[in-house]
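# Fold and contact review
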Amino acid sequence: MDNGPRGRRRRFGYFGPVRSPQVPEQHYIERHPEPERTPIQNKPDLANPQKGSPLYDGRIPPEIRNSIFQFALTEDITTPYEVDKGYTRPGYKGKKKVNTALLQTCRQVYLETYHLPAANKEHVFWHPPESGPHGRFYQDRHGWEREKEMFTRRMMSWQLELVKEIHLFTQEFWLEQSFSRFCDENFMRGIEKIKITIRRCDWWWNERNHPLAINPYSGTADTAQMIRAIIASKDEGNETPIQWNMEGWGGAFAKLPSLKEVEIELETSEDKVDELVAIVEWAKGWKFPLKNGKVLSTAGVEAKGVQMWQSPMCFWSDICPYCWGYRQCIGADPPNEKCEERMRLHDLSLGPVCSVYSLRWKPVDDVAKEREEH
């Protein structure tokens, strides 16, 4: 792994390195919200039973009515994203919004549906901010200004209590340097599921085509250190378990008292699939430490199948993985078939085919710790 300053990092979908300030300026200013008004659902006013409506006159069963409400309050795309952007991908083709007009029809409908917008919306965030669609509004590459804005300024406390899942698209530098502090935030205390996605362009120095590396034990993506950890995990005679750095990102899950599931998606292009498969096989044995004698384990948790998709142009590295040419492939006789395919895709404004591997962890008793105590 390159040992250069960690502040140097490219902007997503644009391969020039970017130097962030040594002491990031705080652009987010937390405002003290006005005292919250009593929510409608907590007021003693009685609702009109709406017996004149086909939703409430007995013709439609309650479970069907609930399904209608669920469908009406599901996220829909309102503004499509540009195609050649690093955040445009399967499932994320545009800005999504929950249309809440239904809640304004009458009190009876509101009382049955007020919880659905916050619960149904996917609370997804990109780090650093320029790697996502809202980057132009947030300047601190190491912070989490958008989460603060969403959870401390836009939502009332009863709405925040309904948020149980959060999805983070994150480059490795943010995962290593900021995720642990992020988990200290009060709005994370009620989170039951965290999903972390590392995309093709999120790995350290992917623009230079460096080997993939990740290590939750140390919290740093050092290739040599990761290889030693993988070898140690396969050594059945090794009785000394790898120690967790509780200040690193792998130890940060222990800070979340409500956590019930962690999902990690790892993505790479076809030229590095073998590297990623080795990491995924190792990751199946990760047991993230929690409190109260628990660990997060993949044991008994079904993994999703491998997803493959054609990525946009910005997913290419500057260095060709087949001939190591910079920007342009080096001519050879006979021609390199993979280089030819890469250039063909370039001409079509397409990126590499990417594979996404997903693993899930859930809390179980720490058997190793119990064995030590006995």
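In what follows, the structure referred to is the one given above.
The shown structure was predicted, so the numbers you read here are calculated from the model rather than taken from an experiment.

## With respect to the packing of aromatic side chains
- Taken as a whole, this structure holds 27 aromatic pairs when the rule is applied.
- Relative to Trp158, the ring of Tyr114 has its centre 5.6 Å away and its plane inclined at 70 degrees; by these criteria the two rings are edge-to-face. Residue Tyr114 is located in the loop between helix H2 (107-113) and helix H3 (116-120), and its partner Trp158 is located in helix H5 (residues 157-160); the two are separated by 44 residues in the primary sequence.
- Look at Tyr217 and Trp244: their rings are 4.2 Å apart centre to centre, the planes differ by 40 degrees, and that puts the pair in the tilted class. With Tyr217 in the loop between strand E7 (193-198) and helix H8 (223-234) and Trp244 in the loop between H8 and strand E8 (261-269), this residue pair connects regions lying 27 residues apart in the sequence.
- In this structure, Lys96 is placed above the aromatic ring of Tyr92, and the distance from its NZ or CZ to the ring centre is 5.4 Å.
- Arg208 extends its terminal NZ or CZ atom over the ring of Trp205, reaching a point 4.1 Å from the ring centre.

## Digging into the pattern of salt bridges
- Overall, the coordinates contain 19 salt bridges when judged by the stated rule.
- For Glu267, the salt bridge identified is with Arg89, shortest N-O distance 2.6 Å. Of this pair, Glu267 sits in strand E8 while Arg89 sits in the loop between strand E3 (76-80) and strand E4 (94-97), placing them 178 residues apart in sequence.
- For Glu267, a relative accessible area of 1% gives the class buried.
- Look at Arg89 and you get buried, because its relative accessible area is 5%.
- Through salt bridges with shared partners, a single network forms among Lys193, Glu261, Glu263, Lys304 and Arg360.

Thresholds applied
Residues numbered from 1 in each chain as written. Predicted model: local features only at pLDDT ≥ 70, side-chain atom pairs only at ≥ 80, totals over all residues. Heavy atoms only, no water. Phe/Tyr/Trp six-rings, centres within 6.5 Å; stacked < 30°, edge-to-face > 60°. Helix = DSSP H or I, 4+ residues; strand = E, 2+ residues; numbered from the N terminus. Lys NZ or Arg CZ within 6 Å of the ring centre and 35° of its normal. Salt bridge = Lys/Arg side-chain N within 4 Å of Asp/Glu carboxyl O. Buried < 20%, exposed > 50% of the residue type's maximum accessible area, 1.4 Å probe, protein only.

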